[in-house]
Amino acid sequence: QVQVVESGGGLVQAGGSLRLSCSASGRTFREYAMGWFRQAPGEDREFVAAITRTAYTTYADSVKGRFTISRTNAKNTVYLQMNSLKPEDTAVYYCAAGRTTEDRANVPYDYWGQGTQVTVSS
């Protein structure tokens, strides 16, 4: 069982930046693809970014060029640096982990955190 915990959300003005962190328990963190997802009020949860075991990254078109996902295996942590934030980025952001033997990000994400609120004011 892997426990995933997000942190770093908050309130920021449009154009500002936030960095989200996600810590995962266990000694096999490097065997997991990690992803960030978000859900705005009244909307379905959507993919934001993901990073594979070897740190290959993929992004939703809506955040490409503004958000950066990274991981530090020694700390069992994945980050989401969010720059040039827009009001439409307002959502609860979730971190998820998916164990895989392959170097890809489109895997079943079996472990999810509780989410952290990001609010961008105009």
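Here is what the cut-offs are and how they apply
- Residues numbered from 1 in each chain as written.
- Predicted model: local features only at pLDDT ≥ 70, side-chain atom pairs only at ≥ 80, totals over all residues.
- Heavy atoms only, no water.
- Helix = DSSP H or I, 4+ residues; strand = E, 2+ residues; numbered from the N terminus.
- Rg over C-alpha atoms; globule rule 2.2 N^0.38 Å.
- Buried < 20%, exposed > 50% of the residue type's maximum accessible area, 1.4 Å probe, protein only.
- Contact = heavy atoms within 4.5 Å.
- Salt bridge = Lys/Arg side-chain N within 4 Å of Asp/Glu carboxyl O.
- Core = buried A, V, L, I, M, F, W, Y, C linked by side-chain atoms within 4.5 Å.

## Concerning the overall build of the protein chain
Consideration 1: From N to C terminus, the protein chain includes zero helices and 11 strands.
Consideration 2: The order of helices and strands in the protein chain, counted from the N terminus, is β-β-β-β-β-β-β-β-β-β-β.
Consideration 3: Since a compact globule built from 122 residues should have a radius of gyration of about 14 Å, the 13 Å found for the protein chain is in line with a globular shape.
Consideration 4: For the protein chain, the spread of C-alpha atoms along the principal axes amounts to about 40 × 25 × 25 Å.
Consideration 5: When each of the 122 residues of the protein chain is scored for burial, the buried share is 44%.
Consideration 6: Across the protein chain, every contact between residues at least 6 apart in sequence was considered, and the portion connecting residues at least 24 apart equals 59%.

## Focus on the pattern of salt bridges
Pairs can form between side chains of opposite charge once their charged atoms are near each other.
Consideration 1: The tally for this structure, following the rule as stated, stands at six salt bridges.
Consideration 2: For arginine 38, the salt bridge is made with glutamate 46, and the minimal N-O distance between the two is 2.6 Å.
Consideration 3: With relative accessibility at 35%, the residue glutamate 46 sits in the partly exposed group.
Consideration 4: It is possible to trace a salt-bridge network through shared partners that takes in Arg38, Glu46, Arg66 and Asp89.

## Let's talk about the nonpolar core
Consideration 1: Counting residues in hydrophobic clusters, the biggest one holds 30 residues, and the most contacted among them are Met34, Trp36, Leu80, Met82 and Tyr93.
Consideration 2: Formed by seven residues, the second largest nonpolar core is a distinct cluster that contains Ala33, Ala50, Val107 and Tyr109.

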